[in-house]
Amino acid sequence: MVEKIYVTYNQIHKLCQEAAPKILNEFKPNLMIAIGGGGYVPARILRSFLKQPGSPNIPIQAIGLSLYEQLSDGGPVEAPGTKVTRTQWLDLSSLEMANLIGKHVLIVDEVDDTRTTLEYAVRELEKDVETARKEQGRSEKTTFSIFVLHNKDKTKKGHLPAEMLENDRYIAAVTVGDVWICYPWEAEDIDEHDSMAAKQSI
Ligand SMILES: O=P(O)(O)OC[C@H]1O[C@H](OP(=O)(O)OP(=O)(O)O)[C@H](O)[C@@H]1O
Ligand SMILES: Nc1nc2[nH]cnc2c(=O)[nH]1
């Protein structure tokens, strides 16, 4: 059976707090893109810790991505394919996309498991920003960085740009094994969830 790890709101708050100085110093984000639904709460917590006196809050944009396992149709046994579906995206025709040009964009999600979702998000955002940049005849470079609460140390199906990893533009607050992480926002009984978390030694 897959081991479960229970994570509390309190722990998540502190993981965001601890990561904030490095994010501020190294990424200097102008805006965040939260991958819904799991990226919303960490992005919101992080926003408070990224706030600089005298500067406005860093805006949070949202995209919705869902991972669907494609079931095999009875042929030779294959590892199930995975397909990411957009449930929400930035409005390509509006200022939303133009706003990203030349910015330091921090992509936020709660967990990097097979990396399929993050690969999709980075690839598609880079592509759309490049299209907008060309359309507007602009030359500024947009940089993407990633923050996740948990990275699973496992063979990844998805891949991130080598340049992003080489330049340390990926931060995972915690690296875990191939376990199942139970997040508080998924809990039906938050008191029971918290007591499960308290019983764990990590
Ligand atoms: O690294 P991966 O294997 O791609 O998995 C990680 C993704 O899976 C979960 O999303 P899910 O599709 O379950 O949607 P949710 O965030 O709305 O729960 C999670 O929020 C990540 O976005
Ligand atoms: N809640 C939850 N969602 C996931 N999506 C991919 N991996 C995980 C995980 O460990 N926990």
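Scoring rules and cut-offs
- Residues numbered from 1 in each chain as written.
- Chains lettered and ligands numbered in written order.
- Predicted model: local features only at pLDDT ≥ 70, side-chain atom pairs only at ≥ 80, totals over all residues.
- Heavy atoms only, no water.
- Near = heavy atom within 4 Å.
- Helix = DSSP H or I, 4+ residues; strand = E, 2+ residues; numbered from the N terminus.
- Nonpolar A, V, L, I, M, F, W, Y, C, P; charged D, E, K, R; others polar.
- Patch = residues over 30% accessible without salt bridge, like charges linked within 9 Å, V, L, I, M, F, W, Y side chains within 5 Å.
- Areas by Shrake-Rupley, 256 points an atom, 1.4 Å probe, with all protein chains shown as cover.
- Salt bridge = Lys/Arg side-chain N within 4 Å of Asp/Glu carboxyl O.
- Lys, Arg positive; Asp, Glu negative; His and termini not counted.
- Charge placed at Lys NZ, Arg CZ, Asp CG, Glu CD.
- Buried < 20%, exposed > 50% of the residue type's maximum accessible area, 1.4 Å probe, protein only.
- Phe/Tyr/Trp six-rings, centres within 6.5 Å; stacked < 30°, edge-to-face > 60°.

Taking an unreviewed UniProt entry as the reference, the protein chain is identified by name as Hypoxanthine-guanine phosphoribosyltransferase belonging to Knufia obscura.

As a structural note, the neighbourhood of ligand 1 is formed by 15 residues, with Asp109, Glu110, Asp113, Thr114 and Thr117 the closest of them. The set of elements that each furnish at least two residues to the shell around ligand 1 consists of strand E3 (60-70), strand E5 (104-112) and helix H4 (116-135). Looking at which element gives the most residues to the shell around ligand 1, the answer is E5, with four residues. Among the residues forming the shell around ligand 1, the class breakdown is three nonpolar, seven polar and five charged.

What follows is about a negative patch on the surface. A contiguous patch of negative charge on the surface is contributed by Glu188, Asp189, Asp191, Glu192 and Asp194. Relative to the helices and strands, Asp191 resides in helix H6 (residues 190-199). A relative accessible area of 60% means that Asp191 is categorised as exposed.

Attention now goes to the packing of aromatic side chains. A ring pair, where both rings are aromatic, is described by two values, the distance of the centres and the angle of the planes. Applying the stated criterion to the full structure yields three aromatic pairs. Ring centres 6.3 Å apart and planes at 80 degrees place the aromatic pair Trp89 and Tyr120 in the edge-to-face group. Here the residue Trp89 occupies a position in the loop between strand E4 (81-88) and helix H3 (95-98), and Tyr120 occupies one in helix H4, the gap between them amounting to 31 residues. Taken individually, Trp89 and Tyr120 each receive the classification buried, so the pair is uniform in this respect.

With respect to the secondary-structure elements, Asp194 resides in helix H6. On a C-alpha basis, the gap between Asp194 and Tyr9 in space is 8.9 Å, while along the polypeptide they are 185 residues apart.

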